[in-house]
Amino acid sequence: MSYVAYADRDHEQEHHDPDTFITKYIWSQDHKVIAIQYGLTAIFVGLIALGLSAMMRLQLGFPDDFAFINPENYYQFITMHGMIMVIYLLTALFLGGFGNYLIPLMCGSRDMVFPFMNMLSYWVYLLSVIILIASFFVPGGSTGAGWTLYPPQAISPGTPGIDLGILMMLASLAVFIVAFTMGGLNYVTTVLQARCKGMTLMRLPLSVWGIFIATILGLLAFPALLVSAIMMLFDKTLHTSFFMPAISSMGIDPGYTGGSPILFQHLFWFFGHPEVYIVALPAFGIVSDLISTHARKNIFGYRMMVWAIIMIGGLSFIVWAHHMYVSGMNPYFGFFFATTTLIIAVPTAIKVYNWVLTLWEGNIHLRVPMLFSIGFIFTFIHGGLTGLFLGNVTIDLPLSDTYFVVAHFHMVMGVSPVLVVFGAIYHWWPKITGRMYNETLGKWHFWMTFLGTYAIYLPMHYLGFAGVPRRYFAMGNTDFLPDSAQDLNAAITMSALFVAATQILFFVNMIWSLKKGPKSDPNPWDATTLEWQTPDHPPKHGNWGHHLPEVHRWAYDYSVPGYKDDFIPQNVPADAAPAGREHDGDQ
Amino acid sequence: MPLAVVLILLVVGSILFHLLSPWYFTELASNWSRVDFTMDITFYVTGFVFVAVNLFLAYCVIKYRHKKGARATYEPENKKLEYWLTGLTAVGVAAMLTPGLFVWAKFVDVPEDAHIVEAVGQQWHWTFRYPGEDGKLGEVDAERISNENPFGIDPEDPNGQDDIIVYNPEAHVPLGKPVKFSLRSKDVLHNFTVAQFRVKMDLVPGMNTFMWLTPTKTGRFELLCEELCGVGHFAMRGAVVVDEQGDFDTWLAEQPTFAEQNSRVAGNAAIGATQYGVCAACHGPQGQGVPAMNAPKIAGQSDWYLKRQILSYKSGLRGVHQDDTFGQQMVGMVAALADEAAVDNVVAHIATLPDNSLEATVEGDVENGQAIYTVCAYCHGGDGMGNQALNAPKIAGSSDWYMARQLDNFKTGVRGAHPKDYYGFQMGLMSITLRGEQAINDVIAYINTL
Amino acid sequence: MTIALGFLAIILATLLGWLLKQTFNAAPWEMEVVSDTAHYGPLGGTDKSKLIALLTLLAVVSSFFALILSAYALRMDLGDWVPMTEPQLLWTNTVMLIVASGVFQWTRNAAVKGQQGRLQPGLLITGVLTLGFVLGQFIAWQQLQDAGQFITSNPANAFFYFLTGAHAVHILGGLYVWARATLKVVLGTGDSTMIRRSIELCTIYWHFLLLVWLVLFGLLLST
């Protein structure tokens, strides 16, 4: 019922409210329910990927001890861990989860513009997840080609899962892209068309901006993955030679001629680099809102923040080959891509400055979401700066394909967005469930996760400097590494297992809150954005009761001089804001 | 407050970790000190930003954390400050990028006088080719690759006749001379990395890639594959040995050319039969192996593998470990084979011996063994028949007690410990998969069924 | 990858142009009263939602084809490329698709003017022609197979099958929407505004796929 999105609620609308359990929670077209479905599914596969990483770490830390890990399943673990984390967890969670939940609420609409397609998007996504998980159990197992799925090895003997494994991986990706496109069309259209009255683009919270631009990146970049997946599928099943050159594989000529593995890499990274920002931009946006709300201060340099998001989004399409400096592509490309890559550091740095400057002269409440946000700033600075090493083509020479790369992208694309995910879940939990979580438990969760992950990844960079290659099942004895490198690896494993285990705190907290948590205020953080101003708490189907909200100001009216409260919600008209003494001491 | 303290401690701790870490760049052994220099600049710039921004962050958390009655300042933006920060960032970025681009310009521009070494990668093995007297490498073609012509050199091409063939994972280069590594792969992507040289490049099937450097230190430097190339990726090792010019020339002269390789006379089984008498004393007249003498079955084993092992014993790569009692015995025995031709002859004779099946002596859980064997099968084949293209010997039908002992030797480093025994080292890495004696027995019990 | 980049530049420039108009001079923290249409999208209010969604989808599909063409251009340079002779049948197919597109436009105009009687014949003719195109493409494949031009014979062939196949799949997707609209017209169910909108959107999609086909066909002929 697409008109729900913009028609004001009337009798007819009441009629369409879902009333059975199935229409309410399973085949629901309500963006909030779909968001939760997306979120739970993504977190579920994320936990599988976390388990895989624990097994990899066991092998790396203690190479001689665990009988259930052999090189074959080790490579399957790294492949599936990477693929799940990047695509099926982070992309799905930020866009399918947070995008779905926040866009209509923050834009002041009743739902996504196309609720049915939105529902379909989730179910197709679930199908892609099922295909992905099923590939673990087919003969030969899942693919072990690394998450980049580079041909020829992805479809040549010597790699695990070159039959059904890789076929199901590619099929799952294709299905995921269909799901993403259905969702993405919805997000874009909703942001453009279904904002409530008075909500200009520049009054949108940065969360929406981040998700919106990330969606556009996804819509334009995912086709590259689809094209490369289809072409590889052809090479595998029909024996074409798009990517496959003439080779002698294990002494046998498989009959390919003339293809180019580099072509695949270009296509893959044409998707793969924007993908980094598909994950990062929503995190940028969300963390901006968390920082602003909990520091009781407007986000510093809002316009610059919006334009930084747009510039990063645009530039992200012309930096892809920095993943390929040592791939054997024309080396002269290195000049161009190193330059564009380092240029992208400028808008990114501006975002970091503005987050910190938002805290400056703020009134910082160190509640759980804020802790995670500050943790994010720290890890993101670290991850961003190490990116300058790898982006600078010369320094990439010794560091590419080492643990330095692994440490860098986990810091910037793993830890940082995940800290935002946690911060965001804590922040919006009262809105989603109507209940508060346990603050102390939340703080413990933050400290263990933040310090634990730093203990994993800081030392890992140094193993990379020393020359430990990534994707090695075991190092064995070498001349150039000190023996202590293995001890350090073991210590990293201990930290990793510790961090993985402490995530239990999060689940305990959430389950406790659902059952016994105290009822929360409708607006516990005194936030200005629209999702906290819903008439029902948590918001019901249709979000806004009888009347759509009307927006009169931007999303960051915190601590405005001349007003008693230190926040003015977006839907408060200019003349109705509670004026009063500048400030009376206990807000 | 604890947050601010922790932030400060993390900054200080990170710097201390950096300064005190024993895990850092290996000592440079090439001309690429510029890479290290660019890295240093980047460290200064990023280090400054890391410290400055995080300390400011900590300061904000201390100074502006919520206090009763406090109120935030209202300041939507500050253009001047933002422009300044943008400008300074741009300067910092330029300071890092500019030297990087200059060094890269050097890297893509190979010196005219660089001599060429071709590195050929395959699953999971390195080989090398040097242009002979003519200074030119012969044409190659993936379709010509075979066990007899592992490089796929065009036999019609005169430039290829004098190409020097190194069919093992150890390359030699002379000190102080620029060398261009021309890189080629037979099957999948690989990557040529020597940590001490700082530079690396992928090997891409279907095309030639390159990188260059000038070695500045003599010694043996480990060569690693750093592009995922299948289950054996981590075991694809080799070495680049940097020699003084004289040593290099001597070494190069000992290596066969393509033409010499092709004109090698096949072993003569009849002559070999006369020499086999020494072997027969332990391995039995039919080469069926004699457990009491600790001599394994050799009949039915691939000739190339037998030859490689005999030569390994002769050159001291095998049978030198103090705990390898039986290997040491073998070293004494192979002395009877004077030269490579003698080895060829005796191997040719062994090839004529009947391959009779043996009684199983090792017991184990076949089902578990089969699960373990999936990894072995990548090289040794699902049927255990071995694959010369992968340098993996036949294991089906071999003496099981002997394989058990060898697997144990590989695991404990009794075999494969010699730095030049690349195949043994490789098998040592693969044998990590076998966790404990029971696993060895299980997998051998399964191999017995093949 | 220049083709894909050029295409992206166009998309991003369009987007950027619109964004600039929206935001450049805004100082959102200042309390200003904005117009009643300030929350509309680039093409207007909520009744344009489906059009926006369709245009976004077309951008995605264009990106898909632009990337294949980029791959085509890169692969073509690799030496083993043998140009393929396209079957003459493709000309007939092209004409069919052009006519189908034209008839769809005629039907759309009729729908806008409220000439309900023309909808049924218009839609049916379009459908038959379009199906004819898909069938014609399939027959062209058969002819190639009979002539020994298999997908594995040469990269040029592989791209030919890939491009025509991908294009045909998109046509079939359009035919699904067409079938739903046609069914409503034939059965006389559904309200006329909905049907009109459906036809309008389908027409844009048909023109777009015709354009894509002309680009592909031109490229296939010229290389």
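What counts, and where the lines are drawn
- Residues numbered from 1 in each chain as written.
- Chains lettered and ligands numbered in written order.
- Predicted model: local features only at pLDDT ≥ 70, side-chain atom pairs only at ≥ 80, totals over all residues.
- Helix = DSSP H or I, 4+ residues; strand = E, 2+ residues; numbered from the N terminus.
- Rg over C-alpha atoms; globule rule 2.2 N^0.38 Å.
- Buried ≥ 20, exposed ≤ 12 C-beta atoms within 10 Å, placed from the backbone.
- Contact = placed C-beta atoms within 7 Å.
- Nonpolar A, V, L, I, M, F, W, Y, C, P; charged D, E, K, R; others polar.
- Domains from an automatic or database assignment.
- Pairing = 2+ DSSP bridges.
- Axes fitted to C-alpha atoms, helices over the stretch in contact; angles between N-to-C directions.
- pLDDT = per-residue confidence, 0-100.
- Parallel < 35°, antiparallel > 145°, perpendicular 65-115°, else oblique.
- Left-handed = near helix turned anticlockwise from the far one by under 90°.

1. Looking at the overall build of chain C
- When its secondary structure is counted, chain C shows six helices and zero strands.
- Walking chain C from its N terminus toward its C terminus, one meets helices and strands in the order α-α-α-α-α-α.
- Each of the three principal axes of chain C carries a C-alpha extent, and together these read 70 × 45 × 20 Å.

2. Overview of the overall build of chain B
- When its secondary structure is counted, chain B shows 14 helices and ten strands.
- Taken over C-alpha atoms, the radius of gyration comes to 29 Å for chain B, far larger than the 22 Å a tight globule of 450 residues would show.
- Projected onto its principal axes, the C-alpha positions of chain B cover 100 × 55 × 40 Å.
- For chain B, buried positions account for 45% of its 450 residues.
- Within chain B, contacts between residues at least 6 apart in sequence are counted, and of these 70% link residues at least 24 apart.

3. Side note on the environment of B:Glu244
Residue and element names in this part refer to chain B.
- As for its position among the elements, Glu 244 is in the loop between β10 (237–243) and α5 (245–254).
- The class of Glu 244 is exposed, set by 12 C-beta atoms lying within 10 Å.
- Linking Glu 244 and Pro 174, residues 70 residues apart in sequence, is a C-alpha distance of 5.6 Å.
- If sequence neighbours within four positions are ignored, Glu 244 has contacts with Leu 175 and Thr 218.

4. Some remarks on the interface of chain A and chain B
- Taken together, the 106 residues of chain A in the interface contact 95 residues of chain B.
- The biggest single contributor to the side of chain A that touches chain B is helix α12 (residues 368–391) of chain A, with nine residues.
- Among the residues forming the side of chain A that touches chain B, the class breakdown is 63 nonpolar, 31 polar and twelve charged.

5. Let's talk about unusual backbone geometry
- Residue A:Pro152 follows A:Pro151 across a cis peptide bond; omega there is 0 degrees.
- Here A:Pro152 lies in the loop between α5 (115–134) and α6 (164–193).
- Cis geometry is adopted by the peptide bond preceding B:Trp124, which originates at B:Gln123 and carries an omega value of -10 degrees.
- You can see B:Trp124 is positioned in the loop between β1 (115–122) and β2 (125–130).

6. Section: the domain arrangement of chain B
- If you check the domain split of chain B, you get domain 1 (2–108), domain 2 (115–263), domain 3 (266–356) and domain 4 (358–450).
- Inter-centroid distance (C-alpha atoms) of domain 2 of chain B to domain 3 of chain B is 30 Å.

7. Quick word on the sheet that holds strand β3 (residues 164–166) of chain B
Residues and elements named next belong to chain B.
- Strands sit in the order β3-β2-β1-β5-β8 across an open sheet of five strands; the sheet is mixed. Edge positions in the sheet fall to β3 and β8 (209–213), since each of these pairs with one other strand and no more. Strand-to-strand, the axes of this sheet are offset by a mean angle of 25 degrees, without reference to chain direction.

8. Structural notes on the interface of chain C and chain A
- Taken together, the 42 residues of chain C in the interface contact 49 residues of chain A.
- Those elements giving two or more residues to the side of chain C that touches chain A turn out to be α1 (2–23), α2 (49–76) and α5 (155–187) of chain C.
- Per-element accounting of the side of chain C that touches chain A gives the leading share, 14 residues, to α2(C).
- Residue classes in the side of chain C that touches chain A are distributed as 28 nonpolar, ten polar and four charged.

9. With respect to the confidence of the model for chain C
- With 99% of its residues at a pLDDT of 70 or more, chain C shows a mean pLDDT of 90.
- Listed scores for the predicted complex are pTM 0.94 and ipTM 0.94.

10. Details of the domain arrangement of chain C
Residue and element names in this part refer to chain C.
- Each assigned domain of chain C is listed here: domain 1 (1–16 + 40–78) and domain 2 (85–223).
- Each of domain 1 and domain 2 has a C-alpha centre, and the two are 20 Å apart.
- Contact with domain 1, which involves eleven residues of that partner, is made by 14 residues of domain 2.

11. Description of the environment of C:Pro83
Residue and element names in this part refer to chain C.
- In this structure, Pro 83 sits in the loop between α2 and α3 (89–113).
- It is 6.1 Å that separates the C-alpha atoms of Pro 83 and Thr 223, two residues lying 140 residues apart in sequence.
- Discounting residues that sit within four places of it in the chain, Pro 83 has contacts with Ala 156 and Thr 223.

12. Examining the pairing of strand β9 (residues 219–225) of chain B
All names here are of chain B.
- Pairing of strand β6 (residues 190–193) with β9 involves two bridges; the strand directions are antiparallel. Across the sheet, residue Thr 193 finds its bridge partner in β9, namely Leu 224.
- By the bridge criterion, six bridges tie β9 to β10 in an arrangement that is antiparallel. Residue pairing for β10: Phe 221 is matched across the bridge by Val 240.

13. With respect to the packing of helix α4 (residues 71–107) of chain A against helix α7 (residues 206–237) of chain A
Residues and elements named next belong to chain A.
- Interaxial distance between α4 and α7 falls to 10 Å at its minimum, and their mutual angle equals 130 degrees. Taken together, the axis directions place α4 and α7 in an arrangement best described as oblique. The element α4 and its partner α7 pack so that their crossing is left-handed. Within the contact between the two elements, α4 uses Phe 94, Leu 95, Phe 98, Gly 99, Leu 102, Ile 103, Met 106 and Cys 107 and α7 uses Ser 207, Val 208, Ile 211, Ala 214, Thr 215 and Gly 218.

14. Focus on the packing of helix α8 (residues 261–294) of chain A against helix α11 (residues 345–359) of chain A
All names here are of chain A.
- Packing of α8 against α11 brings their axes to within 9 Å, and their N-to-C directions diverge by 15 degrees. Classed by the angle they form, the pair α8 and α11 counts as roughly parallel. Considering how the two elements wind past one another, α8 and α11 form a crossing that is left-handed. For the pair α8 and α11, the contacting residues are Phe 284, Val 287, Ser 288, Ile 291 and Ser 292 in the first and Lys 351, Trp 355, Thr 358 and Leu 359 in the second.

15. Details of the sheet that holds strand β4 (residues 170–174) of chain B
All names here are of chain B.
- As summarised here, the arrangement of the five strands in space is β4-β10-β9-β6-β7, forming an open sheet in which the pairing is mixed. Because the sheet does not close on itself, it has two edges, and the strands there are β4 and β7 (200–203). The average angle at which neighbouring strand axes cross in this sheet is 25 degrees, direction not considered.
- Across the sheet, α5 is in contact with β4 and β10; its angle to β4 comes to roughly 140 degrees.

16. Here's the deal with the environment of C:Leu8
- Checked against the element boundaries, C:Leu8 lands in helix α1.
- Residues C:Leu8 and C:Leu135 lie 127 residues apart in sequence; the distance between their C-alpha atoms is 32 Å.
- Beyond its immediate chain neighbours, meaning those up to four positions away, C:Leu8 contacts A:Leu220 and A:Phe317.

17. Some remarks on the pairing of β10(B)
- As defined by bridge partners, β4(B) adjoins β10(B) across five bridges and the pair is classed as parallel. Note that in β10(B) the partner of B:Pro174 across the bridge is B:Asp243.

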